[in-house]
Amino acid sequence: MAEYTILLDGLEVAMGLGIHPEERAAPQRVTLHVAMTCRYPAPPEDRIDAVVDYDFLRTGIHALAESRHFELQETLCEQVAALALADERVIRVTVRSMKLDIYPDARIGCELTRDRPKAQTNI
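Below is a short write-up of the structure. (Residues numbered from 1 in each chain as written. Predicted model: local features only at pLDDT ≥ 70, side-chain atom pairs only at ≥ 80, totals over all residues. Heavy atoms only, no water.)

1. Section: the environment of C38
Operational definition: Going along the chain from the N terminus, every DSSP run of H or I of four or more residues is numbered as a helix, and every run of E of two or more is numbered as a strand. Summary of the burial criterion: residues with accessible area below 20% of their type's maximum are buried, those above 50% are exposed, and those between are partly exposed, where the area comes from a 1.4 Å probe applied to protein chains only. Whether two residues are in contact is decided by their heavy atoms: any pair within 4.5 Å suffices.
Residue placement: C38 occurs in strand β2 (residues 28-40). Classification of C38 by relative accessible area gives buried; the value is 0%. Along the chain, C38 and D9 lie 29 residues apart, while their C-alpha atoms are 16 Å from each other. Those residues in contact with C38 that lie beyond four places of it in its chain are A2, E3, Y4, I6, V52, R89 and V90.

Right, here's the structure in full:
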């Protein structure tokens, strides 16, 4: 078994995120950066079903962004991490969200890392 890091970097979505009235009034631009540490045989067979396909993550993030308004970036990041960890081959995930338009001179973000519980890593 070997570990590979699959990256979904700079995915920009328009979504409801934030606690302030101006954040609730309209969707805002948010970027998401996700790094999934995956474990499977090395080298993997040259077929998409032999590895973690990042399409499920991109599709799932778009569905999350369309499904509800998030109060906190922490909650959004936790939901994205749970989505990534739904594939049992993902043993660790780091998620970063960035609000792009809150301040003219800075972006505001949250980052978290979650590991699959040890009892669930018998891949």
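2. Looking at the pairing of β2
Regular strands place their side chains on alternate faces of the sheet. Rules: Here a strand pair is declared whenever DSSP counts at least two bridges between the two strands.
Of all the 13 residues making up β2, 10 are buried; the element is thus mostly covered by neighbouring parts of the structure. Where strand β1 (residues 2-15) lies against β2, 12 bridges are found, and the strand directions are antiparallel. Residue A2 lies in a different strand from β2, and its bridge partner there is Y40. Sheet topology places β2 next to strand β3 (residues 90-103); 9 bridges connect them, and they run antiparallel. Paired with V30 across the bridge in β3 is K99.

3. Quick look at helix α2 (residues 55-67)
Think of an α-helix as 3.6 residues a turn; residues three or four steps apart then line up on the same face. Selection rule: Helix span is expected to be 1.5 Å times the residue number reduced by one. By construction, the arc corresponds to the directions joining the helix axis to the C-beta atoms.
The terminal C-alpha atoms of α2, which comprises 13 residues, lie 18 Å apart, in line with the 18 Å expected from a rise of 1.5 Å per residue. Among all positions of α2, only L57, G60, I61, L64 and A65 are buried. One side of α2 holds all its buried residues, which, seen down the axis, span an arc of 140°. Facing away from the buried surface of α2 by more than 90 degrees, the exposed residues are E66 and S67. In this structure, the buried side of α2 is in contact with β1, β2 and α3 (73-85).

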